[in-house]
Number of protein chains: 2
Amino acid sequence: MEFKKVVVLGGGVLGVQIALMNAYTGHDTTIWLRSESSIGRAEPRIAHFKEEMLKSLEESKALIKNPMGGYLYPRGLVKVWEGTTEEDINKLIKDAKINFEKNLHLELDINKALKDADIVIESMTEDPAAKIELYEKIRDILDDKTILVTNSSTLLPSQFKDHTGRPEKYMALHFANIIWKNNTAECMGHDKTSKEVYDAVVRYASEMNMIPIKLHKEQPAYVLNSLLVPLLYSAQTLWAKEVADPETIDLTWRLATGAPAGPFQIIDVVGLDTVYSIQNMKPSSKDPNSIDYKILNMIKEKIDKGEKGVAAGKGFYDYSK
Amino acid sequence: MEFKKVVVLGGGVLGVQIALMNAYTGHDTTIWLRSESSIGRAEPRIAHFKEEMLKSLEESKALIKNPMGGYLYPRGLVKVWEGTTEEDINKLIKDAKINFEKNLHLELDINKALKDADIVIESMTEDPAAKIELYEKIRDILDDKTILVTNSSTLLPSQFKDHTGRPEKYMALHFANIIWKNNTAECMGHDKTSKEVYDAVVRYASEMNMIPIKLHKEQPAYVLNSLLVPLLYSAQTLWAKEVADPETIDLTWRLATGAPAGPFQIIDVVGLDTVYSIQNMKPSSKDPNSIDYKILNMIKEKIDKGEKGVAAGKGFYDYSK
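Predicted model, so just to flag it, every value in this text is computed and none were measured. Here the residue numbers are simple positions, counted from 1 along each chain's written sequence. As a convention, the first chain written is A and the first ligand written is 1, with the rest following in written order. Local features in a predicted model are, by the rule used here, given only for residues with pLDDT of at least 70; side-chain atom pairs are given and counted only at 80 or more, and totals for whole chains, interfaces and linings are based on all residues. Heavy atoms throughout the structure, all of them, feed into the side-chain values; hydrogens and water do not.

## Let's talk about the sheet that holds strand β7 (residues 184–188) of chain A
All names here are of chain A. Taken in spatial order, the 8 strands line up as β3-β2-β1-β4-β5-β6-β7-β8 in an open sheet, and their pairing is mixed. Edge positions in the open sheet fall to β3 (104–107) and β8 (211–215), since each of these has one partner strand only. The mean angle between the axes of side-by-side strands here comes to 25°, regardless of whether they run parallel or antiparallel. Note on pairing: DSSP must find at least two bridges between two strands before they are called paired. Helix and strand assignments come from DSSP, with helices taken as H or I runs of at least 4 residues and strands as E runs of at least 2, each series counted from the N terminus. Here strand β6 (residues 170–175) runs beside β7; their pairing, made up of 4 bridges, is antiparallel. By the bridge assignment, F175 is partnered in β7 with A185. We call two residues in contact whenever any of their non-hydrogen atoms come within 4.5 Å of each other. Here the axes come from fitting lines to C-alpha atoms, over the contacting stretch only for helices, and the angles between their N-to-C directions go from 0 to 180 degrees. Those strands touched by helix α1 (residues 13–24) are β1 (5–9), β2 (28–32), β3, β4 (119–122) and β6, and its axis lies near 165° from that of β2. With respect to the sheet, helix α6 (residues 128–138) is in contact with β1, β2, β4, β5 (147–150) and β6, its orientation differing from that of β5 by roughly 170°.

Following this line, the structure appears as structure tokens:
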């Protein structure tokens, strides 16, 4: 199985980043969009992320002589950091511009978009009904050879496999935001995914400069969020119980584990809106006597004040200075 | 409140390290031991940790030009790392030898040991009955001024306050193993601890080169273990469910959070025995159909093979090479 033509369904924040990473790594990439108005929304987003990726390459020059460079460089953009020179980065920037122009296409016609696709990455909204509708719409258009993957963060592929018409060629491939730095790709099949397809998707992830994280079984929240969510929840519980301040909790974590960021610094990066949605899904958050209710409301209070995290300039910490 | 004379009750692994850190930082330090045979056990332990601390200082010289030095140096031994020279470290080693000799005393007579103590650090076994017996034995011997703290990892001070005869001068001060590198000191009072005493203990922690972690309320497991235990448990759950391999789980964590070690690397440092005891305390670990039972047995299997972690040369990873 070769991965020449890649199709991304959806031009959202993640869809656009996935498409750009594919174009950057030399894949013929098509973003399928539903309507003219989706194009209107996707185009500035594409321009924004192109610029961010190029800026990230530019800024990585300053890391060449920085001892922390080996930790901070954009892993998705510079495959091997050791020995990279300014000249190498200039070449990457030049090639990136060419590749973005040459390899990235937008398409409204679903038939044209899917034609001859090697892999189709569904990156639509997290709405099961909408996903099923889309899968049923494309199942008879897809080429026989086409592998279909979902970038869903919260839903399991087994829930959809029977709607795809190709369960053995369907699985999850989950990317992280700021894909050119956070280049993990969690590979998760369901019980009917063929081993050949799974292995091919793992290989494809490497080909687009991702580090494949192999899951042997379905797991809601994959590996990363299965670890991260409980840590962030424990930290919020200590905060809501008024055991210690966020700064103290973060300091303890950094000192004891050597991690560069404590849980509240991570929450600021993830965004308080996301943390709020996760907390809001818990039934116990509805019970006014529970600590979960208290956490939910303490997070909401911060969101209402606009303290939504790094992107908002303020969260648990102030980033405006 | 001044902290000139420090008394450590107990000569176990932590007691000895706490006493040595106090001697190192210029405190007149007494370890009270119950019997001649306790002295026999404590003396080689003291010799061992003295040597470890001196070795750690010696090895820190190699970190001076290492870009990671600022993360790896022994924080409890070198108060300010920036700008430290080899000469400074030689001076610290010389002073350490003098301070260990001059400041550290062993004492069997409880009356002599406690006389005129500014702070008494109880670092006995985690047995509530034994702690109560000890507190009741010393309550009338202690000077009026003496502050009493417990280094207990798992028990709350409120449980013992009424046995101390000085609830307002009693609280928890919790140290970590390898105290001269992991220099957090979690400060936790109960509802009757006076603010003055709490603040004085926080100051004392700084005086012995610790970083005080201020808890505003009692919390079982303090801050660090309240965060760490759920993370390690989530990782063990993924492993027991066969979702992913320990290496993959660790890789995901390191890549996504920038931490130097993943959860199984941390478990190897903590030791599988400790992780086993924590898991064994859960009622659900007794239910053969539960994932907790499976985790318990998977950990036990490794312990039975001698794979207890870094200290054993092998755990989830091999350290023998």
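Let's pick the thread back up.
## Some details on the UniProt feature "domain: 3-hydroxyacyl-CoA dehydrogenase C-terminal" (unreviewed entry) in chain A
As annotated in UniProt, the feature "domain: 3-hydroxyacyl-CoA dehydrogenase C-terminal" (unreviewed entry) corresponds to residues 222–319 of chain A in the numbering used here. For residues 222–319 of chain A, the end-to-end C-alpha separation is 30 Å, with 61% helix and 0% strand making up the annotated structure. UniProt positions are given in the numbering used here, feature names are shortened, and annotations may be inferred rather than shown by experiment.

## Focus: the relation of the copies chain A and chain B
For these two chains of identical sequence, chain A goes onto chain B by a turn of 180° and a shift of 0.0 Å along the axis, with RMSD 0.1 Å. Expressed as an axis order, the relation between the two copies is that of a two-fold axis. Measuring from the rotation axis to each C-alpha of chain A, the shortest distance belongs to A:A259, at 2.0 Å. A shared interface surface links the copies, since 100% of the contact residues of chain A are contact residues in chain B too. Superposing copies: least-squares fit, C-alpha atoms only, residues required to have pLDDT of at least 70 in both.

## Section: the sheet that holds strand β4 (residues 119–122) of chain B
Residues and elements named next belong to chain B. The mixed open sheet is built from 8 strands, whose spatial order is β3-β2-β1-β4-β5-β6-β7-β8. At either end of the open sheet lies a strand with only one pairing partner, and these are β3 (104–107) and β8 (211–215). Within this sheet the neighbouring strands show an average axis-to-axis angle of 25°, counted without direction. Pairing geometry for strand β1 (residues 5–9) and β4, over 4 bridges, is parallel. Residue pairing in the sheet places V6 in a bridge with I119 of β4.

## Overview of the domain arrangement of chain A
All the domain ranges listed were derived from an automatic or database domain assignment. Here the domain parsing of chain A yields domain 1 (5–215) and domain 2 (226–310). Using only C-alpha atoms to locate each centre, domain 1 of chain A and domain 2 of chain A end up separated by 30 Å.

## Considerations on the environment of A:M171
Note that A:M171 resides in strand β6. C-alpha separation for the pair A:M171 and A:P157, spaced 14 residues apart in sequence, amounts to 5.8 Å.

## Some details on the pairing of β4(B)
All names here are of chain B. Burial classification: accessible surface area is computed with a 1.4 Å probe over protein chains only, and a residue below 20% of its type maximum counts as buried, one above 50% as exposed, and the rest as partly exposed. Burial of the side chains of β4 extends over both faces: I119 and I121 are buried on one face and V120 and E122 on the other. By the bridge criterion, 4 bridges tie β4 to strand β5 (residues 147–150) in an arrangement that is parallel. If you follow I121 over to β5, its bridge partner there is V149. Remark: the β4/helix α6 (residues 128–138)/β5 crossover connection has right-handed handedness. Place the viewer so that the strands point away; then a crossover is right-handed whenever the path from the first strand over the helix to the second strand goes clockwise.

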